[in-house]
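For reference, the chains in residue letters:
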Amino acid sequence: MAFAVLVRGPSMVPTLRDGDALIVRRGGRAVRPGDIVVARFRSRPDLLVVKRAVRAQDGGWWIHGDNDLVKDDSRAYGVADVVGRVVVRYWPRPGFMLKFRTG
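Residues numbered from 1 in each chain as written. Predicted model: local features only at pLDDT ≥ 70, side-chain atom pairs only at ≥ 80, totals over all residues. Heavy atoms only, no water.

- The chain is annotated in an unreviewed UniProt entry as S24/S26 family peptidase of Phytohabitans kaempferiae.
- What UniProt records for the chain under Subcellular location (unreviewed entry) is the sentence "Membrane". (UniProt positions renumbered as here; feature names shortened; annotations may be inferred.)

Quick look at the structure:
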């Protein structure tokens, strides 16, 4: 089963940016370190986040954002339970961004 997620905030820059739209898959192959996942922290079950899986820990995952300046990940909230694995970014499409020159 798959669902869509919209990225909010800078925690996954430069890999993902605010406004990127993703398709997330529940099930399928097992999560591996390095995968980008959607998860909920056990200490903040109301918060759905997009982060990178670092390592399995205590029956869940230790997850980090790619932007080291933003620490709203397992360093702040501890272990998370993975909801699904990101399989594709569908917006903006690769190569869709146009560059405009002025002057």
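Points about the nonpolar core
- With 11 residues, the main nonpolar core is built from Phe3, Val5, Val7, Met12, Leu16, Leu22, Val24, Ile36, Val38, Val50 and Val86.
- The contacts of valine 50, once residues within four sequence positions are left out, are Val5, Ser11, Met12, Leu16, Leu22, Ile36, Val37, Val38 and Val86.
- Residues Phe41, Ala53, Trp61 and Ile63 belong to the second largest nonpolar core, which totals 8 residues. (Core = buried A, V, L, I, M, F, W, Y, C linked by side-chain atoms within 4.5 Å. Buried < 20%, exposed > 50% of the residue type's maximum accessible area, 1.4 Å probe, protein only. Contact = heavy atoms within 4.5 Å.)

Some words on the side chain of asparagine 67
- Here asparagine 67 is to be found in the loop between β5 (60-64) and α1 (74-77).
- For asparagine 67, a relative accessible area of 15% corresponds to the buried category.
- In this view, asparagine 67 contacts Pro10, Ser11 and Val13; residues no more than four positions away in its chain are not counted. (Helix = DSSP H or I, 4+ residues; strand = E, 2+ residues; numbered from the N terminus.)

Some words on the layout of surface pockets
- In this structure, the largest pocket spans a volume of roughly 220 Å³.
- Only β1 (2-6) and β4 (44-57) provide two or more residues apiece to the lining of the largest pocket.
- Sort the elements by how many residues they give to the lining of the largest pocket and β4 lands first, with 5 residues. (1 Å grid on protein atoms, 1.4 Å probe; cavity = no way out; pocket = protein on both sides within 12 Å on 5 of 7 lines; lining within 4 Å. Points joined across faces, edges and corners; volume = space filled by probe spheres on them.)

Description of the pattern of salt bridges
- Overall, the coordinates contain 8 salt bridges when judged by the stated rule.
- Here aspartate 35 makes a salt bridge to arginine 29, at a shortest N to O gap of 2.9 Å.
- A relative accessible area of 12% places aspartate 35 in the buried class.
- Arginine 44 serves as the salt-bridge partner of aspartate 46, at 3.7 Å between the closest nitrogen and oxygen.
- Accessibility expressed as a relative area gives 60% for aspartate 46, which makes it exposed. (Salt bridge = Lys/Arg side-chain N within 4 Å of Asp/Glu carboxyl O.)

Some remarks on the environment of valine 88
- With respect to the element layout, valine 88 can be found in strand β6 (residues 80-91).
- Linking valine 88 and alanine 21, residues 67 residues apart in sequence, is a C-alpha distance of 8.6 Å.
- Apart from residues no more than four positions distant in its own chain, valine 88 is found in contact with Ala21, Leu22 and Ile23.

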